[in-house]
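Residue-level structure breakdown
Listed below are the residues making up each chain.
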Amino acid sequence: MSTPTDNATFTYTPTPGQKESLHDIFRQLHAWRVENFPPAQLQSNIDQRQRLVAEANPGQWVKAGDLVHPFSVQEVDGQTLTLDSLLERGPLVLVFFRFEGCPACNLALPYYQRNLLPGLQALGATLVALSPQVPEKLVAIKRRHDLGFLVATDRDNSLGRRFGILYTADEASQKAALARGKSTGETTGTGTWQLPQPTVVVIDTDRRVRFADVHPDWLLRTEAEPILAAVAELRQPVAA
């Protein structure tokens, strides 16, 4: 299946039987942009991502060992998901992404469907993708890619704020978005410029974080292998 991004002008089609790398997919996306984006738009995108990396404060981020307090999120198909209900069958994997129209997110979530979901299902773990975007807008990404995992709204960035992973678009990016016709808040339905940095969090059944990986640059995201390794470790029998 091809994955359309940037108004269907860049497509990625996985090769059957070939190992995939999310980083390689994003390198292809960036290379396409270098060839096709107006220089000012390309530079604005690069500058924003570089600034987020330079200003990142890992000390604020969620980390292994943290206790996760109860929360609830709304799945785009209507049900309310609580931390306790999500942990009933085993570990929980949370994937934070930006919004349904984000080109990189439209590459990352199908990648996780192909490369992460089957392994998590075999390990008895639950996968939830989270964005602050309101459900009536967010549902489009689940339908577009026929995603087989839960996709839910983190209202008002509540959990993202608790995990210390939020960022606010810089002035140049805000101006660029407005020039294209919509603010981030209008796109997401939140009314703010805040979005989560792409993040993966693995939570054990004791509500402790066992793995956390945060990427300020949204064109660098967590590969499937370390997530599966973290969950597999939780499913190993404890030595007597």
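Anything mentioned here points back to the structure above.
Report follows, based on the coordinates. (Residues numbered from 1 in each chain as written. Predicted model: local features only at pLDDT ≥ 70, side-chain atom pairs only at ≥ 80, totals over all residues. Heavy atoms only, no water.)

**Concerning the nonpolar core**
- Counting residues in each nonpolar core, the largest one holds 47 residues, and the members touching the most others are Val 93, Leu 109, Tyr 112 and Val 151.
- Sorting elements by how many residues they give to this core places helix α4 (residues 105-115) first, with 6 residues.
- Counting residues in each nonpolar core, the second largest holds 22 residues, with Leu 83, Ala 152, Phe 163 and Ile 203 among its members. (Core = buried A, V, L, I, M, F, W, Y, C linked by side-chain atoms within 4.5 Å. Buried < 20%, exposed > 50% of the residue type's maximum accessible area, 1.4 Å probe, protein only. Helix = DSSP H or I, 4+ residues; strand = E, 2+ residues; numbered from the N terminus.)

**Digging into unusual backbone geometry**
- Although it is not a glycine, Asp 156 adopts a positive phi angle of roughly 60 degrees.
- Mapped onto the elements of the fold, Asp 156 is located in the loop between β7 (150-153) and α7 (158-162).
- Residue Asp 156 is classed as exposed on the basis of its relative accessible area, which comes to 60%.
- Located in the positive-phi region is Arg 207, a residue other than glycine, with phi close to 70 degrees.

**Structural notes on the environment of Arg 51**
- Topologically, Arg 51 is positioned in helix α2 (residues 39-55).
- When the C-alpha positions of Arg 51 and Phe 10 are compared, they lie 25 Å apart, and in sequence the two are 41 residues distant.
- When sequence neighbours within four positions are dropped, the list of residues in contact with Arg 51 reads Thr 168, Ala 169 and Asp 170. (Contact = heavy atoms within 4.5 Å.)

**Focus: the packing of aromatic side chains**
- Per the stated rule, a full pass over the model turns up 5 aromatic pairs.
- A centroid spacing of 5.8 Å and a plane angle of 75 degrees characterise the contact between Phe 96 and Phe 163, whose relative ring orientation is edge-to-face. Within this pair, whereas Phe 96 is found in strand β5 (residues 92-96), its partner Phe 163 is found in the loop between α7 and β8 (166-168), the two being separated by 67 residues in sequence.
- Exposure remark for Phe 163: the relative accessible area of 5% places this residue in the buried category.
- Ring geometry for Tyr 167 and Trp 218: centres 6.2 Å apart, planes at 20 degrees, overall stacked. (Phe/Tyr/Trp six-rings, centres within 6.5 Å; stacked < 30°, edge-to-face > 60°.)

**A short note on the pattern of salt bridges**
- Following the criterion strictly, the structure yields 12 salt bridges and no others.
- For the salt bridge of Asp 217 with Arg 49, the shortest nitrogen-to-oxygen distance reads 3.1 Å. Of this pair, Asp 217 sits in the loop between β11 (209-214) and α10 (224-234) while Arg 49 sits in helix α2, and the two are 168 residues apart along the sequence. Each member of the pair, Asp 217 together with Arg 49, is buried.
- Salt-bridge contacts for Arg 210 lead to Asp 206; the nearest nitrogen and oxygen are separated by 2.4 Å.
- For Asp 206, a relative accessible area of 39% translates into the label partly exposed. (Salt bridge = Lys/Arg side-chain N within 4 Å of Asp/Glu carboxyl O.)

**Overview of the pairing of β7**
- Where strand β3 (residues 72-75) lies against β7, 2 bridges are found, and the strand directions are antiparallel. Bridge pairing in β7 links Gln 74 to Thr 153.
- Relative to β7, strand β6 (residues 126-131) runs parallel, the two being bridged by 4 bridges. The residue of β7 that forms the bridge with Ala 129 is Val 151.
- Tracing the backbone out of β6, into helix α6 (residues 135-145) and back to the parallel element β7 gives a crossover that is right-handed. (Pairing = 2+ DSSP bridges. Right-handed = clockwise from strand over helix to strand, strands pointing away.)

**Notes on the environment of Pro 198**
- Position of Pro 198 relative to the elements: it lies in the loop between β9 (194-196) and β10 (199-203).
- Distance from Pro 198 to Leu 219, taken between C-alpha atoms, is 8.9 Å for residues 21 residues apart in sequence.

**Re the packing of helix α1 (residues 22-36) against α4**
- Remark: α1 packs on α4, axes separated minimally by 11 Å, with the N-to-C direction vectors making an angle of 150 degrees. The angle between α1 and α4 falls in the class roughly antiparallel. In this structure, α1 meets α4 at a crossing whose hand is right-handed. Judged by residue contacts, Leu 22, Ile 25, Phe 26 and Leu 29 of α1 engage Leu 107, Ala 108, Tyr 111, Tyr 112 and Arg 114 from α4.
- Grouping the constituent residues of the contact of α1 with α4 by class yields 8 nonpolar, no polar and 1 charged. (Axes fitted to C-alpha atoms, helices over the stretch in contact; angles between N-to-C directions. Parallel < 35°, antiparallel > 145°, perpendicular 65-115°, else oblique. Left-handed = near helix turned anticlockwise from the far one by under 90°. Nonpolar A, V, L, I, M, F, W, Y, C, P; charged D, E, K, R; others polar.)

Geometry only, nothing functional implied.
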